Amino acid sequence: VFANVVQAPEDPILGVTVAYNKDPSPVKVNLGVGAYRTEEGKPLVLNVVRRAEQLLVNDPSRVKEYLPITGLADFNKLSAKLIFGADSPAIQENRVATVQCLSGTGSLRVGGEFLARHYHERTIYIPQPTWGNHPKVFTLAGLSVKTYRYYDPTTRGLNFEGLLADLSAAPPGAIVLLHACAHNPTGVDPTLDQWEQIRLLMRSKGLLPFFDSAYQGFASGNLDADAQSVRMFVADGGECLTAQSYAKNMGLYGERVGALSIVCKSADVATRVESQLKLVIRPMYSNPPIHGASIVATILKDRELYHEWTIELKAMADRIINMRQQLFDALRARGTPGDWSHIIKQIGMFTFTGLNTEQVTFMTKEYHIYMTSDGRISMAGLSSKTVPHLVDAIHAAVTR
Ligand code: PMP
């Protein structure tokens, strides 16, 4: 009965790793996947995560019962505090409905499904370009996806005028997806002053902000600094949604731990919103997994573990920033044609190199360097040892 099922293409991002794994070359480098690697090219489990896991394993009161539909209560409270700030009036006034979801992706999907059912405007504006999964997540959630201008390839920076013009032209009430920090794939973020202008425009038009926060702490190494955009929108008393992921900042990729928070106008509304979120979640996966959320809650509620986390997080962010500098310096030293200053100006895990699809294909074929076809490279996948090989490849690709 399934004989007519056609072969689906690989996922454009995860497919890069599939191709990398098949390549027998000893010099191959995977710069496709957005996961942190050490200088030795190895995945990293944070020491603080190991410690939290030990505490959990040694606690006989821990059982494997189902969590509530909304997840671990402690985890939800601590997650809201982490993104909005401990002194956030929205939290103090109990106006935030937070539910534990399956990492960032699951949080976006549950938020999208909730909006499709309960919000009057079905159109969501996403930046052009954006993380490749965004349009699929929101379309399948039942929203209609449109784009707003974001990136200017000529300056390799923000197209701020285009962004403002497109949001001004959006229908009143439309939903707008914003990357809280470390925009993926471009590494280009608005300045605080630009965020303020975006906020004023959005609030004046009643546009609803939906923040995707997949990199809090990963961009600058500072958790509060990376949450500033979100906090500006919450400080004005208006509504917003936030999808948080602990994949990157705690290295909990495969544990699938994240949270959706909906900031409402009053505690009463937040209670009703939460009751409806349960109706979205229950038929989808019933309730979320317990392990990852327990790790996060253990770390966030203990002063010492929290402190250790911030140090390890900063070390990851600093290594990435250092790789940017090394790559930039090496391209300059090599005399590779072009202005590569965007490598050190961009923020977060990725550099949007400006290399085109043809150049990417060449680098993969001749140099066994794997990246997405839009020229995005994961700085976290690079090390001092692999920089020279990458520079050789880029140099050959642009001077061909
Ligand atoms: N949003 C953005 C912008 C991302 O880059 C990612 C991960 N690549 C996610 C959301 C979701 O990640 P996860 O579901 O693993 O938390």
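Per an unreviewed UniProt entry, the protein chain is named Aspartate aminotransferase, and its organism is Musa acuminata subsp. malaccensis. Reading the Catalytic activity (unreviewed entry) entry of the UniProt record for the protein chain gives the comment "L-aspartate + 2-oxoglutarate = oxaloacetate + L-glutamate".

**What about the overall build of the protein chain?**
The number of helices and strands found in the protein chain is 15 helices and 13 strands. The C-alpha radius of gyration of the protein chain comes to 21 Å, within 12% of the 21 Å expected for a compact globule of 400 residues. Judged by the C-alpha coordinates and their principal axes, the protein chain covers about 65 × 55 × 55 Å. Taking all 400 residues of the protein chain together, the buried fraction comes to 46%. Sequence separation of 24 or more characterises 76% of the internal contacts of the protein chain that already satisfy a separation of 6 or more.

**Focus: unusual backbone geometry**
Across the junction of Gln128 and Pro129, the peptide omega takes the value 0 degrees, indicating a cis bond. Along the chain, Pro129 falls in the loop between strand E3 (123-128) and helix H6 (133-141). Non-glycine residue Ser286 carries a positive phi angle of around 70 degrees. Note on placement: Ser286 falls in the loop between helix H10 (267-285) and helix H11 (291-301).

**With respect to the sheet that holds strand E7 (residues 175-179)**
Within the open sheet, the seven strands sit side by side as E2-E10-E9-E8-E7-E3-E4. Their pairing is mixed. Where the open sheet ends on each side, the last strands, each with one partner, are strand E2 (96-102) and strand E4 (144-149). When the angles between neighbouring strand axes are averaged without regard to direction, this sheet yields 25 degrees. Across six bridges, E3 lies against E4 in parallel orientation. Of the residues in E4, the one forming a bridge with Gln128 is Arg149.

**Remarks on the domain arrangement of the protein chain**
In terms of domains, the protein chain is made up of domain 1 (14-44 + 318-398) and domain 2 (73-301). Put simply, the middle of domain 1 and the middle of domain 2, counted by C-alpha atoms, are 29 Å apart. The interface is formed by 15 residues belonging to domain 1 together with 17 residues belonging to domain 2. Element by element, the count of residues in the side of domain 1 that touches domain 2 is highest for strand E11 (residues 350-352), at three residues.

**Examining the UniProt feature "domain: Aminotransferase class I/classII large" (unreviewed entry) in the protein chain**
The UniProt entry lists residues 28-394 under the feature "domain: Aminotransferase class I/classII large" (unreviewed entry), expressed in the numbering used here. Counting secondary structure, residues 28-394 comes out at 46% helix and 16% strand; the distance between its end C-alpha atoms is 14 Å.

**Looking at the nonpolar core**
Formed by 115 residues in total, the largest nonpolar core has its most connected members in Ile124, Tyr125, Val176 and Val296. Summarising the domain contributions, this core has at least three residues from each of domain 1 (14-44 + 318-398) and domain 2 (73-301). When near neighbours in sequence (up to four residues on either side) are disregarded, Val176 contacts Tyr125, Leu167, Met202, Leu207, Leu208, Pro209 and Phe210.

**Looking at the pairing of strand E8 (residues 208-213)**
Across the six residues of E8, five count as buried, placing the element largely inside the fold. With five bridges joining them, E7 and E8 adopt parallel strand pairing. By the bridge assignment for E8, Ile175 is matched with Leu208. In this fold, the crossover linking E7 to E8 by way of helix H8 (residues 192-205) has right-handed handedness.

Reading guide: rules and limits
Numbering of residues begins from 1 in every chain and follows the order in which that chain's sequence is written. Two thresholds apply to this predicted model, a pLDDT of at least 70 for residue-level local features and 80 or more for giving and counting side-chain atom pairs, whereas whole-chain, interface and lining totals are computed over all residues. UniProt positions are given in the numbering used here, feature names are shortened, and annotations may be inferred rather than shown by experiment. The numbering of helices and of strands both runs from the N terminus, where a helix is a DSSP run of H or I of at least 4 residues and a strand a run of E of at least 2. With the radius of gyration taken over C-alpha atoms, the globule rule is written as 2.2 Å times the number of residues to the power 0.38. Three exposure classes are used, all based on how many other C-beta atoms lie within 10 Å of a residue's own C-beta (placed from the backbone): buried at 20 or more, exposed at 12 or fewer, and partly exposed between those limits. Each residue gets a C-beta atom placed from its backbone, and two residues are in contact if those atoms lie within 7 Å. If DSSP finds at least two bridges between two strands, the strands pair. Interaxial angle, 0 to 180 degrees, is taken between N-to-C directions of lines fitted to C-alpha atoms, where a helix line uses only the stretch in contact. Domains are outlined according to an automatic or database domain assignment. One nonpolar core equals one set of buried Ala, Val, Leu, Ile, Met, Phe, Trp, Tyr and Cys residues connected by C-beta atoms within 7 Å. When the strands point away from the viewer, a crossover counts as right-handed if the route from the first strand across the helix to the second turns clockwise.

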